[in-house]
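Secondary and tertiary structure notes
Each chain, letter by letter, is given below.
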Amino acid sequence: MINCLSSSKFANLLFVNVQIENVNAIALFDTGAGMTVISKSLLHRFCAVPEKETLRAGNNNGMVREFQTAAIPGIRIGDICVEKCKVLVTDDADFAHSDESGRIFPAEMLLGWDVISRYRWSYSTKDESLSVSLPERTAEHLSPEIKHGPVVSPEYSRLPDIHYHETEIAGVGTSQYKRIPYVRELQLRFQNQTITLQDVDICDKLYGQSEEIEALLGYDFLESRDWLLEQAFRLLP
């Protein structure tokens, strides 16, 4: 299988290599995004134009905006090709972020749950590779009520001491610095494995999430672990 993992690094995020028409690009692997989002400049590079239809969508800062849409004929990722994909189109400035090391956000696209949920994804730490294939359970389909995923249920014994720091809260179309509470270390137990997270921010509200969702886990939850995602999520031994 072709390794679709990008070598690009930014904060604690996962990126994949994609190809649209003959144009190569980098996309953020974002299970928290309900729809795939691309920048206007990337859209223009493969000679496509936005449609007249617009959709309202919100980000993790609670900001709701009107987005143009576009129909993409095909997105190639590793061994698969996503045909006739409808995406949201946003300004290039919405991807203009830099991390604490001064690195520029490398992606021109967010690969959302609308695409990710269609396939089987397997990550190997030994090979540093991410492969994608058709799902094994082709008769099963994602419930239309599930817009973001996957949902997992780790356990923790207690919340450590709370501290405060100034941090950037970034989303598509917004970025703001706020003084918020956080814990320096949080130990979770999930699928018979112990996972220790560092510098976990505490938010007063999770925008766009159902009431039963109490946390948003980042890629640091998976870092240095083999995993499999096929709508449901599983850590590999």
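Anyway, here's the lowdown on the structure attached to this text. (Residues numbered from 1 in each chain as written. Predicted model: local features only at pLDDT ≥ 70, side-chain atom pairs only at ≥ 80, totals over all residues. Heavy atoms only, no water.)

1. Considerations on the layout of surface pockets
Estimates place the volume of the second largest pocket at around 330 Å³. For the second largest pocket, the lining is made up of 17 residues, of which L5, K9, Y123, Y219 and E223 are closest to its centre. Its residues placed into classes, the lining of the second largest pocket shows eight nonpolar, six polar and three charged. (1 Å grid on protein atoms, 1.4 Å probe; cavity = no way out; pocket = protein on both sides within 12 Å on 5 of 7 lines; lining within 4 Å. Points joined across faces, edges and corners; volume = space filled by probe spheres on them. Nonpolar A, V, L, I, M, F, W, Y, C, P; charged D, E, K, R; others polar.)

2. Considerations on the nonpolar core
One finds I77, L111, W121 and W227 to be the most contacted residues of the largest nonpolar core, which totals 47 residues. A total of five residues in this core trace back to one element, the largest contributor, which is strand β6 (residues 80-90). Setting aside residues up to four positions removed in sequence, W227 forms contacts with L14, F29, W121, S122, Y123, L130, Y219, L222, F233, R234, L235 and L236. Within the second largest apolar cluster, 11 residues are counted, among which are F15, L28, F67 and L88. (Core = buried A, V, L, I, M, F, W, Y, C linked by side-chain atoms within 4.5 Å. Buried < 20%, exposed > 50% of the residue type's maximum accessible area, 1.4 Å probe, protein only. Helix = DSSP H or I, 4+ residues; strand = E, 2+ residues; numbered from the N terminus. Contact = heavy atoms within 4.5 Å.)

3. Quick look at the pairing of β6
Here three bridges tie strand β3 (residues 37-39) to β6, and the two strands are oriented parallel to one another. By the bridge assignment for β6, S39 is matched with T90. Bridge count for strand β5 (residues 64-77) against β6 is nine bridges, and the pairing is antiparallel. Bridge assignment links R76 to a residue of β6, and that residue is C81. Remark: two residues form the turn of the hairpin made by β5 and β6, two consecutive strands paired antiparallel; G78 in that turn has positive phi of roughly 60 degrees. (Pairing = 2+ DSSP bridges.)

4. Digging into the packing of aromatic side chains
Inspection of the entire model under this criterion finds 10 aromatic pairs. Ring centres of F190 and F221 lie 5.5 Å apart, and the angle between their planes is 50 degrees; this geometry places the pair in the tilted category. Here the residue F190 occupies a position in strand β11 (residues 174-190), and F221 occupies one in the loop between β12 (193-201) and β13 (227-230), the gap between them amounting to 31 residues. Of the two residues examined, F190 and F221, each falls in the buried class. (Phe/Tyr/Trp six-rings, centres within 6.5 Å; stacked < 30°, edge-to-face > 60°.)

5. Looking at the sheet that holds strand β9 (residues 129-133)
The strand order across the open sheet built from four strands is β9-β8-β13-β14, with neighbouring strands paired in antiparallel fashion. One side of each edge strand has no neighbouring strand; the edge strands of this open sheet are β9 and β14 (232-235). The mean inter-strand angle of the sheet, taken between neighbouring strand axes irrespective of direction, is 15 degrees. As defined by bridge partners, strand β8 (residues 120-124) adjoins β13 across three bridges and the pair is classed as antiparallel. Looking at the pairing, W121 lines up with L229 of β13. (Axes fitted to C-alpha atoms, helices over the stretch in contact; angles between N-to-C directions.)

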